[in-house]
Amino acid sequence: MSLSLLCALHCVATPVVLVMLPSLAALQFDDEAFHLWMVLAVIPISSYALTMGCKRHKRYRLLGVGLVGLLFLLSAVLLGEAVISEFQEKALTVIGAVTITLGHYWNYRLCRRQESCLCPQHPDK
């Protein structure tokens, strides 16, 4: 969830920060390599977390929601500004990040509701 949120914040905040603080323009936060590395970090972490949730809760829709979000993120990186516009790339990225975040949130909520939850957040159960 944290990586998805960080990705969405990056996409929204980068233009504002670059306009307000010109000295940060040299850091290249809007570089395509950043998006690629973020997606490469998000894919295994989200896949693992969502798969573990599905094994515990047997709610496979969460895995589907997460995979759809990952597909949005991956398509934004693969298509890039060369194929789609900058706005479309950002829209795909934000939609993907929000979708993955929803999957993780629903997984967490199910864990909190389940009596026999073995999640690390609840060692007392």
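Residues numbered from 1 in each chain as written. Predicted model: local features only at pLDDT ≥ 70, side-chain atom pairs only at ≥ 80, totals over all residues. Heavy atoms only, no water.

1. With respect to the packing of helix H2 (residues 32-57) against helix H4 (residues 86-113)
Between H2 and H4, whose axes approach to 10 Å, the crossing angle comes to 25°. In terms of axis orientation, H2 runs roughly parallel to H4. The handedness of the crossing between H2 and H4 comes out as left-handed. For the pair H2 and H4, contact is made by Glu32, His35, Val42, Ser46, Ala49, Leu50, Gly53 and His57 and by Glu89, Ile100, Gly103, His104, Asn107, Leu110 and Cys111, respectively. Residues of the contact of H2 with H4, tallied by class, amount to six nonpolar, seven polar and two charged. (Axes fitted to C-alpha atoms, helices over the stretch in contact; angles between N-to-C directions. Helix = DSSP H or I, 4+ residues; strand = E, 2+ residues; numbered from the N terminus. Parallel < 35°, antiparallel > 145°, perpendicular 65-115°, else oblique. Left-handed = near helix turned anticlockwise from the far one by under 90°. Contact = heavy atoms within 4.5 Å. Nonpolar A, V, L, I, M, F, W, Y, C, P; charged D, E, K, R; others polar.)

2. Structural notes on H4
Given a rise of 1.5 Å per residue, 28 residues ought to cover 40 Å, and the 41 Å separating the end C-alpha atoms of H4 matches this to within 8%. For H4, the set of buried residues is Glu89, Leu92, Thr93, Gly96, Ala97, Thr99, Ile100, Gly103, His104, Asn107, Leu110 and Cys111. (Expected span 1.5 Å × (residues − 1). Buried < 20%, exposed > 50% of the residue type's maximum accessible area, 1.4 Å probe, protein only.)

3. Focus: the pattern of salt bridges
Taken as a whole and assessed by the stated rule, the structure comprises one salt bridge. For glutamate 86, the salt bridge is made with lysine 90, and the minimal N-O distance between the two is 3.2 Å. Of this pair, glutamate 86 and lysine 90 are both found in helix H4, four residues apart, which corresponds to roughly one turn of the helix. Residue class for glutamate 86 comes out partly exposed when judged on its relative accessible area of 42%. (Salt bridge = Lys/Arg side-chain N within 4 Å of Asp/Glu carboxyl O.)

Don't take any of this as a statement about function, it's just geometry.
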